[in-house]
Amino acid sequence: MAVLDIRDLSVSYATPRGALKALRDVTMKVPEGKITGIVGESGCGKSTLISAIIRLMAPNAKVGSGEVRFKGEDLLSRSEAEMRALRGTEISMVFQDPMQTHNPVLTVGRQMIDIQYRDKLSKADKRKRATEMLALVGIPDPQARLNQYPFEFSGGMRQRIAIAMALMAKPSLLIADEPTTALDATLEVQIIKRLRELQDEIGCSILFISHHLGVIAELCDEVVVMYAGEVVESGTVRDVFHNPAHPYTRALLECDPGHIKVRTRNLPTIPGNIPDLVSLPTGCIFADRCDVRYDACGARPVMATASSGHQAACHLIAEKEPA
Amino acid sequence: MTDITLPKPRSELGEIFHHLIRDPLGLAGLIIVTLIVASALFAPWIAPYDPIALNIPDRLQSPNPAHLMGSDQLGRDTFSRVIWGGRVALQVALPTIAGAIAVGLILGMIAGYGPKWLDSLIVLFFDTVRSFPTVMFALAVVALVGPSLNTVILVIMVTSIPTYGRVVRTLTQSLKEAEFITAEKSLGASTARIMGIHIVPNVLGPLAVLAAMDIPTVVGLEAGLSFLGMGVKPPTPSWGSLLNDGYNLIRNTPWLIVAGGIPLILTTLGFTFLGEALRDVVDPKLRGKGGK
Amino acid sequence: MLSYILRRLGLSAAITVLAVALLFLIIHMIPGDPVSTILGPKASPELRAALEARMGLDRPLPVQIGLFFMNMLRGDLGLDVFSNRPVTQIVLGQVPYTLVLILVSILWSAVLGIALGCYSAVNRNSLGDRLTGVLSVSVIAVPAFVVSLYSLLIFAVKLQWFPAIGAGAPADWGDQLHHLVLPSLAIGLSWVGYIARLVRASMLEVMGEGHIRTARAFGLPERQITYGYALRLAILPTVTVIGVGMGFLLSAAVFTEIVFSRPGLGKLVIDSITTRNYPVVMGSVLVSTLIFVASTTLADIVNAILDPRIRAGK
Amino acid sequence: MSALLQIRDVFVRFRLRGGIFSSVGTIDAVTGVSLDIEEGKTYGIVGESGSGKTTLARAVAGLHHASEGSILYRGQELRDLPEAEFRELRREIVMMFQDPIGSLSPRLTIKSLITEPFRIQGMGDRDLDTEAKRLLTMVGLPAEFAARYPYQISGGQARRVGVARALALDPKLLIADEPTAGLDVSIQGEMLNLLARLQDEMGLAIMIITHNLNVVRHITDTVGIMYMGKLVEEGPTEEVFARPQHPYTLALLAANPEPDPDAQLMRVELSGEPPSILRRPKGCEFHTRCPFVQPRCSTDVPVWTAAGEGAHRCHFPEIWTREEAVAS
């Protein structure tokens, strides 16, 4: 069963130019006990998607339609108080910028104790739990470091603290929004490895957002590829990365510098820009940048099955699909 | 690809003006300020009476068609004195602020861009001057040289320098670290060019906001000192001396106080509204969003 | 922490010394001299010489400054020209009145301003926020003495709810409080607006920062986020501004004391100027400068207590 | 023939500030770097934050003062060259900065920005309209962009403006600091292709600074890997990728895996975080994080050792290359 099951989710932002349709009919799942990656470039709607899941959206954002089912229950119809009860217990988050994640004038210990406010434990017990969590994510001398302020930690350490806080309540779903983008690559390796180990230990599901294909390939079981506010492809990492079904996924993989091993004066690119999300083109969202575009692309494609558990929103797949 | 015609961007000032008049606060501020400046400029044509000439028979009148705001104990028309008082207010405010900005800009840029020791020295100077309470300091000076408009201008100017200087220094410091300044250096731009073309234009915006917000403070100080009899000498009409007349006659007629206070409050509102609206326009964080 | 406080106190000492020296120099450089200020232009040369000698004005400038500092350190600001009482005694006798006025004003305006600022930031763009915004902006720069005069006219002269003159009977706290209402209203009003705007702006900035998003993502109660996490940071610039604000309040207090005929430093200065009592004028200016330096220092120390990054020198 | 740029034992030292008038010490951001950049070739400097790569680049561009060593450009010493004399050379040595929009003066139009080099170098009498049009065409931007302001263009477009501005005066050496930072994968290639094309057309030497090894693989001739202000390895690009000699290089390679879930990866995980350059470790400065550390590493400083066509700074390149063989 899927921990998270998103169906036909559409979100738009009110802007002076009109409604910016940031997400359109997004459907995706996070299976239980698995790590699901979302990959996409800027403007693909990853951030809007996660803020819609935990319902911490910008004031000008509006959910047009759809459902966000968490353990079978639609989060969009929950009250704010019910949502708040979920956050930090059942669903927790790790954000992108570790330098911004913590309150700068409160000690790390205080912040880690504060988030346990629901538990009826003594302060000493809460502190002990915080210490254990810090040790678990690999922070040396955790007892003493609880009394320190965030500015006394490096970026990598702060991201470890963020992960410790997110996992403290043993959530069912951890959402990690580009947690390693701001870090150096050698530290990224450490964090990814630790995340994988912790996931095994706690058994939670992880929704991992990244623009880094190599990291997704390394860490995730499933992957969802997004482009300009739509899901264009989803499936197991192996299926998607070995047999990309959508032309965008294929092009993106070709562009990845880790993919190209020969010396060249002409690297692959995807020409053009993402379409204006205020005045959308009719038809396939990727059509004007697609190298295999044909007549059918004037109509909007639906998700079609490329192979079992592997889907893509491309007319070429639908054509091949057995009726 | 090259044939696309893009909308021609407005000029910088045009852009600011455009944003200002779309903000109700800004529009109100702009109208009030224009009215005040115009009435001060054209005082001789607007004021119905001579603001100084005595007219004892008409003394202490309540507002009436002949005297819109009534008259004072010497029969002078309050409305005319209010209009002329605006001249005095702006005569003090404008040179004071211009002077403070000029000195503050220079010192602030030197402190922000120059060597660390010079910066420390200038900041120490700013902190020192700032620690004189303006009014007390002004009174001490007036006690020595006697009341005059120039004394008022000079004292307020000197005590305002740190306000501008500190802002310029902070802005210059952060601009100095900005990558575009390093980029200019890598092209070989001279210090004078960097200061003049790349730093000053980026400092002027916030400075203009500060100046707009500061004008009412200076006008208020001038009026306050004149109220205490330490500013302009009678019979020169000033909003402060009008209020002083009103204070002495507070149990006889309320009109002098009411009339003397209104222009001060209007000036305050006008410039503060304008400054607030200007801040929203000038603030680069907000500007950037408009572009997207 | 201690090293920060010591450094900060050292800076304050430097500022004080410089301020006093600068004040002394300015007084010396500007036209007009204390002796003719005190005696008037028609005094005889003998009388002038005698007074100059008594005030030490016949010695070289550096010696004068040196003597001035020595005396100041001993708490000696010279003698009143008329009563021959020590200036220190006269000035210090007036300080409590002004200090009480200023503190009461800043207290009520800070409390109300912070509350309004928080309300506005939390209910951003609501009707209440807009109303608070327009009102705050409107009162920000209205000169304190205009508010003094208007409130005198309305509440003391016309409605007669509050007394118009004085500071109240010495032993009667209720009466003193009654006399404090209008003056502190006059001085504090613009500060309510100013602080409300400032708190609103910095609250909005802080509320947009990543750590607030983190706190929300952990489901912390909104109250705790607003007051425990956001205000904790947003208050920092306000503390500094209140420290500097003491200087402006000292200025505003001068007018208010005159309008309401309240005893205090401002009234003392004006009375001394009218009677050409120059040493008292100088003494009052010095003491107000010291009050100002002390309050900015205090504000910085409070900030260091509230913000660990300042303590660490980051 | 000697190289266009010869860097020899360069140190860049910064003073740390204490109180108002005091300085509490110095830190060496770059410690004894030597390298050559040949005319028309591309040299990639790779390192993570704090490695000193940007400081080194800025020292070459005359933006930081090199405290020791020598920086020879066509045989001319750049260190201690007065700014007035350096200005002449700024036609030939140009730099592109990390933040594409932030490196453009915000109140100038694109036209003024790309024609600034002419005005600064006393060539303001040229037909700047024509020059602006030529430069915009060169980097593939429409001529209408001339009238825009930096905040009105995208990051990728701002990058192109940066290129146009750097190449306005037909320079000989381009220093590009993270030329693809902040760009999406699908347009990173455009930027690198543009640089490669212009290099071929103009015979430009390029020094690329980056944290991402993969970015430089396709376009550089030589790479140098920096750690804590030192070069730890240098060699022909293909050589370094095929047979890394320093464990840090291997860690960097492994940290940027190719997007293939089945790729046989040798995951080299470094322990801990980079030490502070205020407290440099004794011996080999990498030993605190090295997965193959040996007792000797914490006491002896490794020397710069030539190996094959490259060189490295490791006591035991043979130990871990053997282990790698075992792992795969």
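Residues numbered from 1 in each chain as written. Chains lettered and ligands numbered in written order. Predicted model: local features only at pLDDT ≥ 70, side-chain atom pairs only at ≥ 80, totals over all residues. Heavy atoms only, no water.

Caption draft 1: Region of interest: helix α6 (residues 185-202) of chain D. Residues and elements named next belong to chain D. Helix length check: α6, at 18 residues, gives a terminal C-alpha distance of 26 Å against a target of 26 Å (1.5 Å per residue), a fit within 8%. For α6, the buried fraction is high: 13 of the 18 residues fall into the buried class. Glycine 203, located one to two residues past α6, shows a positive phi value of around 65 degrees. (Helix = DSSP H or I, 4+ residues; strand = E, 2+ residues; numbered from the N terminus. Expected span 1.5 Å × (residues − 1). Buried < 20%, exposed > 50% of the residue type's maximum accessible area, 1.4 Å probe, protein only.)

Caption draft 2: Local environment of the pattern of salt bridges. Overall, the coordinates contain 46 salt bridges over all chains when judged by the stated rule. For arginine 134 of chain D, the salt bridge identified is with glutamate 131 of chain D, shortest N-O distance 2.9 Å. Here arginine 134 of chain D pairs with glutamate 131 of chain D, and both are found in helix α4 (residues 128-138), just three residues apart, close to one helical turn. Arginine 280 of chain D serves as the salt-bridge partner of glutamate 285 of chain D, at 3.0 Å between the closest nitrogen and oxygen. Using a relative accessible area of 26% as the deciding quantity, one classes arginine 280 of chain D as partly exposed. Among the ionic contacts, a cluster of salt bridges with common partners joins Arg24, Asp25, Glu230 and Arg300 of chain A. (Salt bridge = Lys/Arg side-chain N within 4 Å of Asp/Glu carboxyl O.)

Caption draft 3: Region of interest: the interface of chain C and chain B. Across the contact, 53 residues belong to chain C and 43 residues belong to chain B. Counting each side, the surface lost to burial between chain C and chain B is near 4400 Å², with a carbon and sulfur contribution of 81%. At the boundary of chain C with chain B, the tally comes to one salt bridge. The partner of glutamate 276 of chain B in a salt bridge is arginine 197 of chain C, with the nearest N and O atoms 2.7 Å apart. Linking chain C with chain B are seven residue pairs in polar contact (both at pLDDT 80 or more), by the criterion used here. (Contact = heavy atoms within 4.5 Å. Buried area = accessible area lost by both parts, 1.4 Å probe. Polar contact = N/O pair within 3.5 Å; in protein donor to acceptor, adjacent residues only side chain to side chain.)

Caption draft 4: Focus on the domain arrangement of chain A. Residue and element names in this part refer to chain A. Entries for chain A in the domain assignment read domain 1 (2-90 + 171-269) and domain 2 (101-170). Computed from C-alpha atoms alone, the centre-to-centre distance between domain 1 and domain 2 is 26 Å. The interface is formed by 18 residues belonging to domain 1 together with 14 residues belonging to domain 2. Applying the counting rule to domain 1 against domain 2 returns zero salt bridges. Seen at the junction of domain 1 and domain 2, the total is five residue pairs in polar contact (both at pLDDT 80 or more). Counting only elements with at least two residues in the side of domain 1 that touches domain 2, the list comes to α2 (80-86) and α7 (185-202). For the side of domain 1 that touches domain 2, a count of residues per class yields 10 nonpolar, four polar and four charged. (Domains from an automatic or database assignment. Nonpolar A, V, L, I, M, F, W, Y, C, P; charged D, E, K, R; others polar.)

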